[in-house]
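This is what each chain is made of:
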Amino acid sequence: MLEFIIVPFTNVLVFIYSLLGQNFGLAIIVFTLLVRLVTYPFNASQMKSAKAMQELQSNPKWKQIQEKYKGRENREKLAQEQMKLYQELGISPFGACLPTLIQLPLIIAMYWAVTRALAATPLQLLGFARGLSLPNAAELIPLNSHFLWMDLEQPERLYLDFLPIGIPVLAIIVLVTSYLQTKMMTPANPSDQGAQVGRAMNLYMPILMAYISYIYSAGLALYFVTTNVLSIAQYYITRRPTAAAKTVVPAKPKQS
Amino acid sequence: MTIKRLTTFFPLIFLSLVFSACGSAVDAASWPGFTVDEENGTVYVAFNQAIYALQLENGAQRWRFPAENQANFTTFAPPELTGDDQLLISGYDQTLYSLNPANGNSNWTFAGATNRYIGSPSAAGGTIYAPNSDNRLYALNPNGELLWTFAAKQPLWSQPILVAETLVISSMDHNVYGVDPASGEKIWTLDTGGAIVSSPTLGEDEVVFVGTLKQQVLAINSASGRSEWSYDAPGWVWGSPTYIDGQVLAADLEGTVFALDAATGRELWSVDTEGAITGAPLVYNNHIYVLNESGQVISFTLDGTIQWTKNVEAALYGSPIAAGELILIGVGTSDALVLALDENGDTVWTFAPASQ
């Protein structure tokens, strides 16, 4: 279905691999960086919206609305007033979500590009080889799947002599970085409506990503770690108060 | 559910579905592999989660291993029947199995490898040679005990062959190796420039032939490792070449079948078919048979003239195999795992395993 993205992704990934001394781990990291650069406008918009939503929680006018229209019977009025305030402050309530939807095909394409490039069975290799348009493709196949202590084609485990089982280092890093990333995007003091969504995201997303990293190839886990670290770095670099934080509600006149 | 919740959860649900639907080790990783024991009238078929022993005359199932599907057991490589009556099975679960070919009972297992067995083991001179995707060739005694290992630089997918005093192994690391079969010491290395998926083929005078993904067929002196000649094919050569009477037959992923002079590599003829060919051409009763990805079984005369084409409603990979008066085709669909044809292409019997 997404072949029109997956095939070029695979070719670019392998091309980068050929430029980096046939190091597939580095190729994944560099390619992820390139994808993040291309999708920077979407990521920036998403972060801006997420920050605005976070800062809105401490906005006095927002708090006033919450207090004035609390209770189940005022839900519709509350929603109307919230929408008015969003418009007033230039915030899109979907701003943190829609960029994710737009980026979903890229995430899936990246997953398939890494998976295909690490072809481990005959039919996988056949499919991978077919999709390559590089003139020196035959010289590159199969890709060198070893990077640091990992075989990128296999689920990652670090084996130490004194331990009977391997440590899923990348899965743990994915869990921690995914949690940090979702935590950054969640408002500090979410409203009742947002609380359930935020808590679910903070719990479900990191666990899902860590589970995928645990059972699938280390190459995919490396991609998740790279993209998470870049997201966190982007967040801290671009952190600046938004309009929601700057809005000041006039103080109530003192009663004599 | 509010729109905001929907747009928040939708990516999670979608990603869960995408990733959970992907990458299963069991689904169609390869195609069926066959071994025929004509003396006992049995054909052994390896596909996905089982090995089936079938009666050659009618395709009736004698036994299967394991008796029921097990999540970790997957195999596709042609089983190897040894001289001391063992049936060797290459497992995707990193295990090499030895079974009793009469009833499928397990003799022993070897679990010392760290990756899938893609290719078949070979047995020669009382030693079992098992190539693995962990880049190693494992040499075992007939009881499955490790004797030595040989390490290449990339996975080993092809079955090694013993030529006089040299074990010849072709590797995905672009090299063909000549190895001492007793010790595993490397004797020679030939860099072919392209990955080699399938096994070398023995010709005359200890010359072996290999096909590479660099679109070449090479003739290699197995004693010295020197390349005698190379031929540039139209496409990637996935399957093993076939040697017959001074000719080398091969096919490529462009669907071209070609015949070469075994002594010089000069092309004698070539024919284009409509689909990629991953297997070795079969020579049987003075005819050549190939399978292609377009679902065609094609019969040629020895000079390359097409005799007949049979269309099967499935992509066909691998090689046909001759068994008595039959030609066996691995299909690998739910309707048919194996087709047995006569030399005119008519179906004699079909085997489809019972669903589990």
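Each value, and the rule that gives it
Residues numbered from 1 in each chain as written. Chains lettered and ligands numbered in written order. Predicted model: local features only at pLDDT ≥ 70, side-chain atom pairs only at ≥ 80, totals over all residues. Heavy atoms only, no water. Buried < 20%, exposed > 50% of the residue type's maximum accessible area, 1.4 Å probe, protein only. Helix = DSSP H or I, 4+ residues; strand = E, 2+ residues; numbered from the N terminus. Pairing = 2+ DSSP bridges. Core = buried A, V, L, I, M, F, W, Y, C linked by side-chain atoms within 4.5 Å. Contact = heavy atoms within 4.5 Å. Patch = residues over 30% accessible without salt bridge, like charges linked within 9 Å, V, L, I, M, F, W, Y side chains within 5 Å. Areas by Shrake-Rupley, 256 points an atom, 1.4 Å probe, with all protein chains shown as cover. Salt bridge = Lys/Arg side-chain N within 4 Å of Asp/Glu carboxyl O. Lys, Arg positive; Asp, Glu negative; His and termini not counted. Charge placed at Lys NZ, Arg CZ, Asp CG, Glu CD. Axes fitted to C-alpha atoms, helices over the stretch in contact; angles between N-to-C directions. Expected span 1.5 Å × (residues − 1). Phe/Tyr/Trp six-rings, centres within 6.5 Å; stacked < 30°, edge-to-face > 60°. Polar contact = N/O pair within 3.5 Å; in protein donor to acceptor, adjacent residues only side chain to side chain.

Asker: Quick rundown of the pairing of strand β6 (residues 87-90) of chain B? Include the residues and the values.
Answerer: Within a regular strand, the side chains alternate between the two sheet faces. Residues and elements named next belong to chain B. The two faces of β6 match: Leu87 and Ile89 on one face and Leu88 and Ser90 on the other face are all buried. Relative to β6, strand β5 (residues 80-81) is paired through two bridges, and the arrangement is antiparallel. Bridge pairing links Leu81 to Leu87 in β6. Adjacent in sequence and paired antiparallel, β5 and β6 are bridged by five residues, among which Asp85 carries a positive phi angle near 65°. Here β6 runs beside strand β7 (residues 96-99); their pairing, made up of four bridges, is antiparallel.

Asker: Outline the sheet that holds strand β19 (residues 216-221) of chain B, listing residues and values.
Answerer: All names here are of chain B. Here we have four strands laid out as an open sheet, ordered β17-β18-β19-β20, and antiparallel in their pairing. This sheet does not close on itself; its edge strands, each paired only once, are β17 (201-202) and β20 (227-232). Pairing between β17 and strand β18 (residues 207-212): two bridges, direction antiparallel. Bridge pairing links Leu202 to Val208 in β18.

Asker: Kindly report on the environment of Glu73(A), identifying the contributing residues and their values.
Answerer: Residues and elements named next belong to chain A. As for its placement among the helices and strands, Glu73 is situated in the loop between α4 (60-68) and α5 (75-89). For Glu73, a relative accessible area of 65% corresponds to the exposed category. Linking Glu73 and Gly131, residues 58 residues apart in sequence, is a C-alpha distance of 58 Å.

Asker: Pulling in residues and values, what's your account of the nonpolar core?
Answerer: Most often, soluble globular proteins keep nonpolar side chains buried together rather than apart. Core analysis: the largest hydrophobic core is formed by 81 residues, its most contacted members being Leu13(A), Phe24(A), Leu125(A), Phe128(A), Leu152(A), Leu328(B) and Trp349(B). Not counting residues up to four positions away in its chain, the partners in contact with Leu152(A) are Phe24(A), Gly25(A), Ile28(A), Leu118(A), Ser145(A), Phe147(A), Ser217(A), Ala218(A), Gly219(A) and Leu222(A).

Asker: An account of a negative patch on the surface is needed here, citing residue identities and associated values.
Answerer: Where like charges cluster on the molecular surface, the negative patch consists of Glu165(B), Glu204(B), Asp205(B), Glu206(B) and Asp245(B). Inspection of the secondary structure assignment puts Glu206(B) in the loop between β17 and β18.

Asker: Run through the sheet that holds strand β29 (residues 321-323) of chain B, naming residues and quoting values.
Answerer: Residues and elements named next belong to chain B. Taken together, the four strands give an open sheet; going across it, the order is β29-β30-β31-β32, and neighbouring strands pair in antiparallel fashion. Edge positions in the open sheet fall to β29 and β32 (347-351), since each of these has one partner strand only. Sheet twist, expressed as the average angle between the axes of neighbouring strands with direction ignored, equals 25°. The pairing of strand β31 (residues 338-341) with β32 spans four bridges and is classified as antiparallel. Its bridge partner lying in β32, Leu339 is registered against Thr350.

Asker: Go over helix α1 (residues 3-19) of chain A with me, naming the residues and quoting the values.
Answerer: Residues and elements named next belong to chain A. The end-to-end C-alpha distance of α1 is 24 Å, a good match for the 24 Å that 17 residues give at a rise of 1.5 Å each. Among the residues making up α1, those that are buried are Ile5, Ile6, Phe9, Thr10, Asn11, Leu13, Val14, Ile16 and Tyr17. Backbone geometry just after α1 places Gly21 at a positive phi near 65°.

Asker: Give me the lowdown on the pattern of salt bridges, citing residues and values where you can.
Answerer: This structure, assessed with the given rule, holds four salt bridges over all chains. Across the pair Glu153(A) and Arg116(B) runs a salt bridge whose closest N-O atoms are separated by 3.0 Å. Separated into two different chains, Glu153(A) in the loop between β2 (150-151) and α9 (169-185) and Arg116(B) in the loop between β8 (106-110) and β9 (122-124) make up a pair that spans both. One exposure class covers both Glu153(A) and Arg116(B), and it is buried. Where Glu228(B) meets Arg226(B), a salt bridge forms, and the shortest distance between an N and an O atom there is 3.3 Å. What makes Glu228(B) partly exposed here is its relative accessible area of 36%.

Asker: Can you explain the packing of aromatic side chains? Please cite residues and give values.
Answerer: In this description, a pair of aromatic rings is defined by centroid distance and the angle of the planes. Applying the stated rule across the entire model yields 23 aromatic pairs over all chains. Relative to Tyr216(A), the ring of Tyr111(A) has its centre 6.2 Å away and its plane inclined at 80°; by these criteria the two rings are edge-to-face. Of the two residues, Tyr111(A) is situated in helix α6 (residues 98-117) and Tyr216(A) in the loop between α10 (192-215) and α11 (218-237); the sequence distance between them amounts to 105 residues. Judged by relative accessible area, which is 1%, Tyr111(A) ranks as buried. Where Tyr129(B) meets Trp148(B), the ring centres are 5.9 Å apart and the plane angle is 45°; that geometry is what we call tilted.

Asker: Please provide a residue-by-residue account of the environment of Gly265(B), values included.
Answerer: Residues and elements named next belong to chain B. Looking at the secondary structure, you find Gly265 in the loop between β23 (256-261) and β24 (267-272). Overall, Gly265 belongs to the buried group, its relative accessible area being 8%. Between the C-alpha atoms of Gly265 and Trp188, which are 77 residues apart in sequence, the distance is 22 Å.

Asker: Account for the side chain of Asn11(A), naming residues and giving values.
Answerer: Residue and element names in this part refer to chain A. Mapped onto the elements of the fold, Asn11 is located in helix α1. Of note is the side chain of Asn11, whose polar atom sits 2.9 Å from the backbone oxygen of Gly131. Leave out the neighbours within four places in its chain, and Asn11 touches Gly131, Leu132, Ser133 and Leu134.

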